[in-house]
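Understanding the architecture of this molecule
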Amino acid sequence: MRRSLYALAAIVVMTGGAAAYLLLPRPAAAQAVMLYKNPQCGCCEAYADYLRRYGFTVTVKPTHDLAAMSRGVGLADDVQGCHLSMIETYAVSGHVPVDVIRRLLGERPDIKALTLPGMPQGSPGMGGTKAAPFEILQVSQSGVVTGVYARR
């Protein structure tokens, strides 16, 4: 009788352990990023490496049409960043910090893009010293800057 109880207990433990294993959360697949950049830009490669260090899978695609592509996703010339990343349904322009991208993907606001205009010193992938907080702008579905999404 005792052996039967031990055998039954072992079966329950093994079955429960297998069920618990199957219910454990799995690591998310790496987030895919398509990054468009000017062919000669080195800081864009550094930004791609920065994203990779934080678990993103980045494909870099050189193009001579970056400004036109940025305008095509609603980014006016004066708010365009150094490169253009496509992440899920969002455009992310410039050296936007990864925590802001993760916030975007977690919150999923009804916007078209985020942008950190220009090539600010001290931003991810750029050298130099940060002189002031970065203002990451949000762009509406209609292509209008509607405010600051984040300050870093």
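Only a predicted model underlies this, so the values are computations on that prediction, with no experimental measurement involved. (Residues numbered from 1 in each chain as written. Predicted model: local features only at pLDDT ≥ 70, side-chain atom pairs only at ≥ 80, totals over all residues. Heavy atoms only, no water.)

**Comments concerning the overall build of the protein**
Counting its regular elements, the protein contains four helices and seven strands. For the protein, the α and β elements follow one another from N to C terminus as α-β-α-β-α-β-β-α-β-β-β. The buried share of the protein, reckoned over its 152 residues, is 38%. Within the protein, residue pairs in contact and separated by at least 24 positions form 51% of the contacts whose partners lie at least 6 positions apart. Roughly 8700 Å² of accessible area belongs to the protein as shown, and the carbon and sulfur atoms make up 59% of that amount. (Helix = DSSP H or I, 4+ residues; strand = E, 2+ residues; numbered from the N terminus. Buried < 20%, exposed > 50% of the residue type's maximum accessible area, 1.4 Å probe, protein only. Contact = heavy atoms within 4.5 Å. Areas by Shrake-Rupley, 256 points an atom, 1.4 Å probe, with all protein chains shown as cover.)

**Side note on the packing of aromatic side chains**
Within this structure, the stated rule accounts for two aromatic pairs. Plain terms: the ring middles of Tyr 47 and Tyr 50 are 5.7 Å apart, the flat faces sit at 35° to each other, and that makes the pair tilted. On the criterion of helical spacing, the pair formed by Tyr 47 and Tyr 50 is a turn pair, its members being three residues apart in helix H2 (residues 42-53). Like Tyr 47, the residue Tyr 50 is buried in the burial classification. What links up through ring pairs into an aromatic cluster is the set Tyr 47, Tyr 50 and Tyr 54. Between the NZ or CZ atom of Arg 103 and the centre of the ring of Tyr 149, over which it lies, the distance is 3.9 Å. (Phe/Tyr/Trp six-rings, centres within 6.5 Å; stacked < 30°, edge-to-face > 60°. Lys NZ or Arg CZ within 6 Å of the ring centre and 35° of its normal.)

**Points about the nonpolar core**
Membership of the largest hydrophobic core comes to 29 residues, with the highest contact counts inside it found for Leu 51, Phe 56, Val 96, Ile 101 and Ile 136. Within the residue set of this core, elements represented by two or more residues are strand S1 (32-37), H2, strand S4 (90-93), helix H4 (98-107) and strand S7 (145-151). For this core, the element with the most residues is H2, which contributes six residues. Contact partners of Ile 101, with chain neighbours within four places excluded, come to Tyr 47, Leu 51, Phe 56, Ile 87, Val 92 and Val 96. Of all hydrophobic cores here, the second largest spans 10 residues; its members include Val 79, Leu 84, Ala 113 and Val 139. (Core = buried A, V, L, I, M, F, W, Y, C linked by side-chain atoms within 4.5 Å.)

**Side note on H4**
Those residues of H4 not exposed but buried are Val 98, Val 100, Ile 101, Leu 104 and Leu 105. Axial view of H4: buried residues confined to an arc of 160°, hence all on one face. Its buried side turned inward, H4 meets H2, strand S3 (84-87), S4, strand S5 (113-115), strand S6 (135-139) and S7. Just downstream of H4, Arg 108 is the residue with a positive phi angle, here 50°. (Arc of directions from axis to C-beta.)

**Points about the environment of Ser 140**
Examined against the element boundaries, Ser 140 turns out to sit in the loop between S6 and S7. Separated by 26 residues in the primary sequence, Ser 140 and Leu 114 place their C-alpha atoms 9.2 Å from one another. Look past the residues within four positions of Ser 140 in its chain and what remains in contact with it is Lys 112 and Thr 146. A distance of 2.9 Å separates a polar atom in the side chain of Ser 140 from a polar atom in the side chain of Ser 142. (Polar contact = N/O pair within 3.5 Å; in protein donor to acceptor, adjacent residues only side chain to side chain.)

Without other data, these values stay purely geometric and don't point to any function.
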